[in-house]
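# Notes for the structure review
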Amino acid sequence: MGLRYKVDGINCLYFITTTVIKHLPILTLKEVPEILISNLNFYRNKYNFLLNAYVIMPSHIHLIIWVPEIISISNIMRDFKKFSSIQIREKLIEKKSKYLPVLYFEGKKYQNQKFKLWMRRSDKVVIISEKILLIKMNYIHENPVRAGLVDKPELYLYSSARNYMLDDDSIIQIDRIEI
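Conventions adopted
Residues numbered from 1 in each chain as written. Predicted model: local features only at pLDDT ≥ 70, side-chain atom pairs only at ≥ 80, totals over all residues. Heavy atoms only, no water. Phe/Tyr/Trp six-rings, centres within 6.5 Å; stacked < 30°, edge-to-face > 60°. Lys NZ or Arg CZ within 6 Å of the ring centre and 35° of its normal. Pairing = 2+ DSSP bridges. Helix = DSSP H or I, 4+ residues; strand = E, 2+ residues; numbered from the N terminus. Axes fitted to C-alpha atoms, helices over the stretch in contact; angles between N-to-C directions. Contact = heavy atoms within 4.5 Å. Parallel < 35°, antiparallel > 145°, perpendicular 65-115°, else oblique. Nonpolar A, V, L, I, M, F, W, Y, C, P; charged D, E, K, R; others polar. Buried < 20%, exposed > 50% of the residue type's maximum accessible area, 1.4 Å probe, protein only. Arc of directions from axis to C-beta.

### So, the packing of aromatic side chains
- Per the counting criterion, the structure on display carries six aromatic pairs.
- When the ring of Phe-42 is compared with that of Tyr-43, the centres are 4.9 Å apart and the planes differ by 85°; the resulting orientation is edge-to-face.
- Taken together through their ring pairs, the aromatic side chains of Phe-42, Tyr-43, Tyr-47 and Phe-83 make up a single cluster.
- Lying over the aromatic face of Phe-115, Arg-89 brings its terminal NZ or CZ to 5.6 Å of the ring centre.

### A closer look at the sheet that holds strand β2 (residues 50-56)
- Across the sheet, four strands lie side by side as β2-β3-β1-β4; this open sheet has antiparallel pairing. The strands lining the two open edges of the sheet, one partner per strand, are β2 and β4 (123-126). Neighbour-to-neighbour, the strand axes of the sheet open up by a mean angle of 15°, direction not taken into account.
- Of the strand pairs in this sheet, strand β1 (residues 12-19) and strand β3 (residues 60-67) are connected by eight bridges, and their pairing is antiparallel. What sits directly across from Thr-19, in β3, is His-60.
- On top of the sheet, helix α4 (residues 130-146) reaches β1, β2 and β3; it is set at about 150° to β3, its chief contact.

### Describing the packing of helix α2 (residues 73-94) against helix α3 (residues 100-107)
- Packing of α2 against α3 brings their axes to within 10 Å, and their N-to-C directions diverge by 140°. When the interaxial angle is binned, α2 and α3 end up oblique. Counted together, Arg-89, Leu-92 and Ile-93 of α2 and Leu-100, Leu-103 and Tyr-104 of α3 form the full contact between these two elements.
- For the contact of α2 with α3, the class distribution of residues is five nonpolar, no polar and one charged.

### Here's the deal with the pairing of β1
- Across the eight residues that make up β1, a large majority, eight, are buried.
- Of the two faces of β1, the one holding Cys-12, Tyr-14, Ile-16 and Thr-18 and the one holding Leu-13, Phe-15, Thr-17 and Thr-19 are both buried throughout.
- Taken together, the four bridges between β1 and β4 define a ladder with antiparallel strand orientation. Its bridge partner lying in β4, Ile-16 is registered against Lys-124.

### Observations concerning the environment of Ile-177
- Along the polypeptide, Ile-177 turns up in the segment after α5 (161-166).
- Spatially, the C-alpha atoms of Ile-177 and Ala-53 are 8.7 Å apart, while their sequence positions differ by 124 residues.
- The contacts of Ile-177, once residues within four sequence positions are left out, are Leu-13, Asn-52, Leu-133 and Tyr-164.

### With respect to α3
- Among all positions of α3, only Leu-100, Leu-103, Glu-106 and Gly-107 are buried. The buried residues of α3 occupy an angular sector of 130° when the element is viewed end-on, so they sit on one face. Facing away from the buried side of α3 by over 90 degrees, the exposed positions are Pro-101 and Phe-105.
- For α3, the elements touching its buried residues are α2.

Okay, here's the thing in structure tokens:
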């Protein structure tokens, strides 16, 4: 079983979900996935975590990452969300996105914010067994199929299913887990 509570400061494998405010389908708009992938790579290098699985859905992201003992998962997610939000906002402005008014309206609800892309919290589950790891990886890889975006997991461009099933690291290189 996964554990849903604050655990920082030990070597952990996490299943993380972070979601766009109001579940707006922004994350798969043109050029936005590339922003997210660039940020994942940047923070992966900065914080030295392993990216084992991922999927970028229209309104949320799922990740499986291994975080070393000296790093806080909270810091990783805070920085990832903050800087990806800035870059995505710029892209949405450039594209004159219809979602901008909602994101500005939501931002005004928070002190010292004018724009809000991500929900305040990310859901994180510590993976404590191989069985849970398999369940979470299958969940990630099947997510686009369940959503009706593709017929097979490996056909979805922004998923580690391509890495595992097609040996395709063209979008992002992952740290494969052999089970």
